[in-house]
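What the coordinates show
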Amino acid sequence: MSTTPVLVVENIHKSFGKVEILKGASFAVNKGETKVIIGPSGAGKSTLLKCINQLVIPDRGRVFLNGEEVLHSHSQINRFRQKIGMVFQNFYLFDHITALENVEIALLKVKKMKRAEAREKALEELNRVGMGDKVHLYPAELSGGQAQRVSIARALAMDPEVILFDEPTSALDPELTGEVLEVMRDLAKEGMTMVVVTHEMGFASSVADEVLFMEEGRFLESGPPSQIFFHPREERTKKFLSRISELYGELNKNG
């Protein structure tokens, strides 16, 4: 695994009105690493991911992808968004086109691929996430887990440098959660660089290279899963993990 940072996030601040959501969040991700961000609802986790690719514009701070500054890149932002994939809680698939067309549309419109090439790439990525037999179905014909796997294939099709996952299983029931986590686990094994916001502690403990605990817009502590889950330094981290265990069971069975 390379020690060259692919993604560097420095001192991100963001307020909405008088409410300060992010208060100086910083972290870096090396090529091939999986970083998992945990923390209570409202901590700023999702806002941080959106700031990274300028879906939300931070008030202060800097983001670098392979040494190039992403923030304030203006006309270059679409180039960066191709390299920073994002998978959301809700799948955001186009209802009127098939799974295959949902994956190939950005290849045609953004990458300007020829249709045959785009179709081949889309099929390759759908097969990669176990959706090769569902390519001609429409989103309404897919389960939530299948729709989320299509959205992952769509992100992969752009050949990103890093993929941001914003609670990708939060809208799914436990059975469907497992199939999406399995795809993400396979991506981690393949060396995909990933930043994952999740409440799935079992997944985090088995896949993460580093776990970062966020509270009130900043990271309180970070470390390998063995430290964060079994020997956390901060009382707030201990309390959060205890509460998660009460709600979801010991380190989530879906992990």
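In what follows, the accompanying structure is described. (Residues numbered from 1 in each chain as written. Predicted model: local features only at pLDDT ≥ 70, side-chain atom pairs only at ≥ 80, totals over all residues. Heavy atoms only, no water.)

**Regarding the sheet that holds strand S7 (residues 162–166)**
- Pairing is mixed in the open sheet, where six strands are placed in the order S6-S7-S8-S3-S9-S10. Of all the strands in the sheet, the pair left with one neighbour each is strand S6 (84–87) and strand S10 (218–223). Neighbour to neighbour, the strand axes of the sheet diverge by 20° on average, direction disregarded.
- Sheet topology note: the S6/S7 ladder contains four bridges and is parallel. If you follow Val 87 over to S7, its bridge partner there is Phe 165.
- Sheet contacts for helix H1 (residues 45–52): strand S3 (34–38), S6, S7, strand S8 (194–197), strand S9 (210–215) and S10; angle to S7, the most-contacted strand, approximately 150°. (Pairing = 2+ DSSP bridges. Helix = DSSP H or I, 4+ residues; strand = E, 2+ residues; numbered from the N terminus. Axes fitted to C-alpha atoms, helices over the stretch in contact; angles between N-to-C directions. Contact = heavy atoms within 4.5 Å.)

**Regarding the environment of Thr 169**
- Within the element layout of this structure, Thr 169 appears in the loop between S7 and helix H6 (174–190).
- A relative accessible area of 6% places Thr 169 in the buried class.
- Separated by 29 residues in sequence, Thr 169 and Thr 198 place their C-alpha atoms 7.8 Å apart.
- Each residue touching Thr 169, except ones within four places of it in the same chain, is listed here: Thr 177, Val 180, Leu 181 and Glu 200. (Buried < 20%, exposed > 50% of the residue type's maximum accessible area, 1.4 Å probe, protein only.)

**Thoughts on the pairing of S9**
- Within S9, six of the six residues are buried, which leaves it mostly tucked inside the rest of the structure.
- Covered by surrounding structure in S9 are Glu 210, Leu 212 and Met 214 together with Val 211, Phe 213 and Glu 215, the residues of both alternating faces.
- In the sheet, S3 pairs with S9 via four bridges, with the strands oriented parallel. Along S9, the bridge assignment pairs Ile 38 with Phe 213.
- Note: S9 against S10, five bridges, orientation antiparallel. By the bridge assignment, Val 211 is partnered in S10 with Gly 223.
- In this structure, the hairpin formed by S9 and S10 is closed by a connection of two residues, where Glu 216 is found at a positive phi of approximately 50°.

**With respect to the packing of aromatic side chains**
- In the structure shown here, the tally under the stated rule is three aromatic pairs.
- With 5.2 Å between their ring centres and 90° between their planes, Phe 88 and Tyr 92 make a pair best called edge-to-face.
- Judged by centre distance (5.3 Å) and plane angle (45°), the ring pair of Phe 213 and Phe 240 falls under tilted. In this pair, Phe 213 sits in strand S9 while Phe 240 sits in helix H9 (residues 235–248), placing the two residues 27 residues apart along the sequence. (Phe/Tyr/Trp six-rings, centres within 6.5 Å; stacked < 30°, edge-to-face > 60°.)

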